[in-house]
Amino acid sequence: MVNVTVDPLTRIEGHQRISTEVGADGVITDAQSSSLIFRGFERILQNQDPRDAAFLTQRICGVCPLAHGLASTNALDDLYGVAESVPKDALMMRNIFQGLNMVASHATHIYVLFGPDLANPAYKKVLTTLGDTGNAVWNEMVGRFAPISYKMDGAAVPVGSSYLAAIPEKKRLQEAIALIAGRMPGPSSLYPGGYTYPATVGDITKLSTYYLQVMDFVSKHTLKVDFNTWIKNTYQASSPQKAVSFVTEHLTDLYNKTSTSNDFSKDAGWGDVEFYAAFGSELVGEKILGLPASLKHDTIGGYKDPAKICFVSYGGYYKYKDGYDPKSPAGDRIFTSGVVTGKLEYQKFDPEKITESTAHSFYQNSSNDLAPAKGETVPYTDPNKIVYTGGSNSQYSWDKAPRYDGMAGEVGPLARMLNIKEPLVTGLAQAFAENGYSAANVYTRMLARMQETAILAYELLNWVTVDYNPNGKISVPIDLNTAKNNSGMGLWEAPRGALGHWISAGSDGKVTNYQCIVPGSWLMSPRDSKGIPGPLEQSLIGSKINTVGDVDYTNPVGIFHMGRSYDPCISCAVHTIDLTGKNAPNTLRIL
Amino acid sequence: MVEMSTGIKNLVRTLDSVDFLKMDRRTFMKALGAMGAATFLGTYKSEIVSALELAETKLLWIHGSECTGCSESVLNAGNPDLVQALEKLNVNLAYHETLCAQQGIWNDGKLVNTAELNSEILQEEIYKEGNYILVVEGGIPNGPDGSGRYLVIGNKPFKQTLGEAAKNAAAVVAVGACACWGGITNAESDVAKDTDYRGVAFSKTEASKGMLKELGIDKPVINIPGCPAHPDWVLLTLGAVILGKIKIPDDLSAVLDEYNRPKVFFPPDHVVHDNCPRRGYYDRGELDEEIGGPGCLWKLGCKAPYAHADCGIRRWNGSVSMCTQAGGPCIACVEPGFPDSSRPLYVEREDVGVAGTNIDTVAKVAVGAAAVAAGVHAVRRMGKGE
């Protein structure tokens, strides 16, 4: 048994440590996920003007500031009693800038954070022993996904073509947000009751042009099959089976055309999505398509006990109508709220079923599984107690352990796609479950993110060119007195998953309580009071540290994939410390 | 490479021999506001490469307690983008936690593999070789009890990492409000004294409480504040340091202000208000009181009159917009002590003057009957500050 620890897990947002025990067969038998920062964030909002929250909570995360800004603005709409009257064109502006941010965030994750691991030398070692096909596949992987400043065997490796092309595209997407929001990150355009800037006809034209440029990148690098054909046959397919068949048939055609020449290049029709969809999975690649090798990413990062895991979505993106119901995100959101169990059964989302445990976190009163609004936690102030090496029975993280109905909850693209019954992702999840794999695994998690990116690109075009009316109303006034002795709830979906902000104000209209439940807390959570591990921990235990080739404790690339497949955001996970009651020093909670 | 007009080409030629961080504001605004980072760095590159090959410079970029927004911002750099800029300047981004291929890999508590895959071994090698530029993003917790254990990365308090990295650095650049003075991590709260967050060289406005001083390390630090920092500010400053256009430490006292900010980007005699796209509305006394209008945002709490930065001329994200252009008040995120110094964000500030002028009086006069005349008067009075 070898202790294999990754600390820090880089190429994520924030600072994360993954500690594992690994047997001689390379299988992980125990794992702890630790978030390494304590920041004391929401405390700074206490006794302040509630309106500041939408600005300042954006600073929880610089990668998804808009999601925090919007969850906060939803809570403020509720606090000031204007949620039901926010004009529809203001809601479209919010949709557009969140949609653009989610696309940019996913693209960054796929190309800059996750992608570089595909150029790991472990794959070179295995693939280059597999003759011409293996060599061709390796050359594509390193040629597309190698990161900046990368060296292998002492020699500098040129930056990958997809990586390199993605950086200006990400920049372009952020520019599109800035056009309607002032700047990115840290935009200034959110305010309860509406939006501060009505995009003009000129802006719409520019946004459309940005759109075409981004789609040009997509067609050159990401998806070689026609984009609309893809959407029609996957997102809009009449059944999950049809969506999966469309993709496997498309990949089979491609492979039949290019297998004899061993040409897996973009020019030959292998976009990054097609390439990963085929070569990333053992089931799809080897068993269905008959490829000689695959990365077997569907064999790691899965859940072994369906009773301990579920997939949670709070719901995001407004429908095109005036006002919305802040307390019922299921009815008037495009991405619905909901819960899918580990056995892929659908349930209604009930916020009352959320509890939190601090049994394994660095807080003094680590005891009961309380509802988010009730718990109180005092952080360790003794430096000697902040130790990360005590194992699964110890306290080992600044993250708390949120649970839904006693289960760990995966949030994010895979949870959202399952909850809206997106045909391709649902079909893949079912296919994996039926063939002895976990429905959720590194591969389905990544494909869900890719598919969500495509869906958002499709919906964005509608919001920009069809729904939004540049001559429409952009805001309704708020009455600051409404906040007095009132509270507000904002449920939303960040790129990384379900995000909730809650606010209360006192008789002076100032903040008395502010709290968040964020995706990072769900995904990276340590064990709870019953010893149930968090989603990342569950996915690590029972998985191999190397999916292909020999066991290599010094290059546990499987751990890198599993950790990064969740797109961890540790700043979010640990920066969400709420206020519990007025003027209550040293009582705070991490959600 | 972007196309240059003849006028700009002439301007570039006259600038070739000039150290831009030493320029006065007017010259700089004319030059950089117009031509941008790409032309500027590109010009220097061609000049220098033709004479002598630009030696490779190593950049070590470390992350404290942060939101990664400043790295995001630098990734948004356009013309040149980050990769192009590094190429032009022959920079080796030797370590950057969000971008590097490496990660910390430990077997039974010991570092394994090589610097090609292990970030901790890589960092140790970089420290040992020395002669690198250190960039710090994020705040540094001193708590609890001076241990720094509220942020531990790779089994080491970040406070200690900063010390090891700073010791052998040729230059230290703090990027973003958190690294400069603690920023949002250092905001007033009932836990602030426990967390005890610091900037690299300052805590809020206090130079005596910077983390390097706490560690007993005496190194000059350049502060590039902002929440986030503008990519041009970061790349141009790094460019000037790398190209030897600014000598450390000899030139620093002349090019930096009292908070170690390069005066060209954060001019003491110039505020965002001066070049705000909504300035005309202010001058006419058209002050919006609800969001979504076209007018001046002063009544909505805009802090542009107190923010010493060139946002108004430079704009953001490929110069497409800026905060006030999109109808949100400026939050003066470049000032030491942000966000406390700017809160409450949506309430107009009445007690601070601008460059010797009492803006409150000016604004009140401006909304009076003789709005236009008062506006003109206000402009003249504001102008005196220059």
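Residues numbered from 1 in each chain as written. Chains lettered and ligands numbered in written order. Predicted model: local features only at pLDDT ≥ 70, side-chain atom pairs only at ≥ 80, totals over all residues. Heavy atoms only, no water.

All names here are of chain A. Summarizing the sequence annotation, UniProt attributes the feature "binding site: Ni(2+)" (unreviewed entry) to Cys61, Cys64 and Cys569 in the numbering used throughout. A maximum C-alpha distance of 9.2 Å places the annotated residues, which cover 509 residues in sequence, within one compact spot. Counting through the fold element by element, Cys61 comes out in the loop between α1 (52-56) and α2 (65-79). Residue classification places Cys61 among the buried residues on the basis of a relative accessible area of 0%. (UniProt positions renumbered as here; feature names shortened; annotations may be inferred. Helix = DSSP H or I, 4+ residues; strand = E, 2+ residues; numbered from the N terminus. Buried < 20%, exposed > 50% of the residue type's maximum accessible area, 1.4 Å probe, protein only.)

Residue and element names in this part refer to chain A. One pass over the full model with this rule turns up 37 aromatic pairs over all chains. Centre to centre, the rings of Phe38 and Trp398 are 4.8 Å apart; their planes meet at 35°, and the pair counts as tilted. With Phe38 in the loop between β3 (28-35) and α1 and Trp398 in the loop between β13 (354-357) and β14 (401-404), this residue pair connects regions lying 360 residues apart in the sequence. When its relative accessible area of 1% is taken as the criterion, Phe38 is described as buried. On the basis of relative accessibility, which here comes to 0%, the residue Trp398 falls in the buried class. Taken together, a centroid distance of 4.9 Å and an interplanar angle of 40° make the contact between Tyr318 and Trp492 tilted. Of this pair, Tyr318 sits in strand β9 (residues 316-318) while Trp492 is found in strand β16 (residues 487-494), placing the two residues 174 residues apart along the sequence. Residue class for Tyr318 comes out buried when judged on its relative accessible area of 1%. (Phe/Tyr/Trp six-rings, centres within 6.5 Å; stacked < 30°, edge-to-face > 60°.)

Below, the discussion takes up helix α6 (residues 158-167) of chain B. Within α6(B), seven of the ten residues are buried, which leaves the element mostly enclosed by the surrounding structure. Listed in full, the buried residues belonging to α6(B) are B:Phe158, B:Lys159, B:Thr161, B:Leu162, B:Gly163, B:Ala165 and B:Ala166.

As a further point, take the environment of B:Asn275. Within the fold, B:Asn275 resides in the loop between α11 (252-255) and α12 (279-283). Linking B:Asn275 and B:Ile313, residues 38 residues apart in sequence, is a C-alpha distance of 6.1 Å.

All right, on to the packing of α2(A) against helix α3 (residues 88-114) of chain A then. Residues and elements named next belong to chain A. As a packed pair, α2 and α3 sit with axes 9 Å apart at the nearest point and diverge in direction by 150°. As judged from the angle between their axes, α2 and α3 are roughly antiparallel. Classified by chirality, the crossing of α3 by α2 is left-handed. Together, Pro65, Leu66, Ala67, Leu70, Thr73, Asn74 and Asp77 of α2 and Arg94, Phe97, Gln98 and Asn101 of α3 make up the contact between the two elements. (Axes fitted to C-alpha atoms, helices over the stretch in contact; angles between N-to-C directions. Parallel < 35°, antiparallel > 145°, perpendicular 65-115°, else oblique. Left-handed = near helix turned anticlockwise from the far one by under 90°. Contact = heavy atoms within 4.5 Å.)

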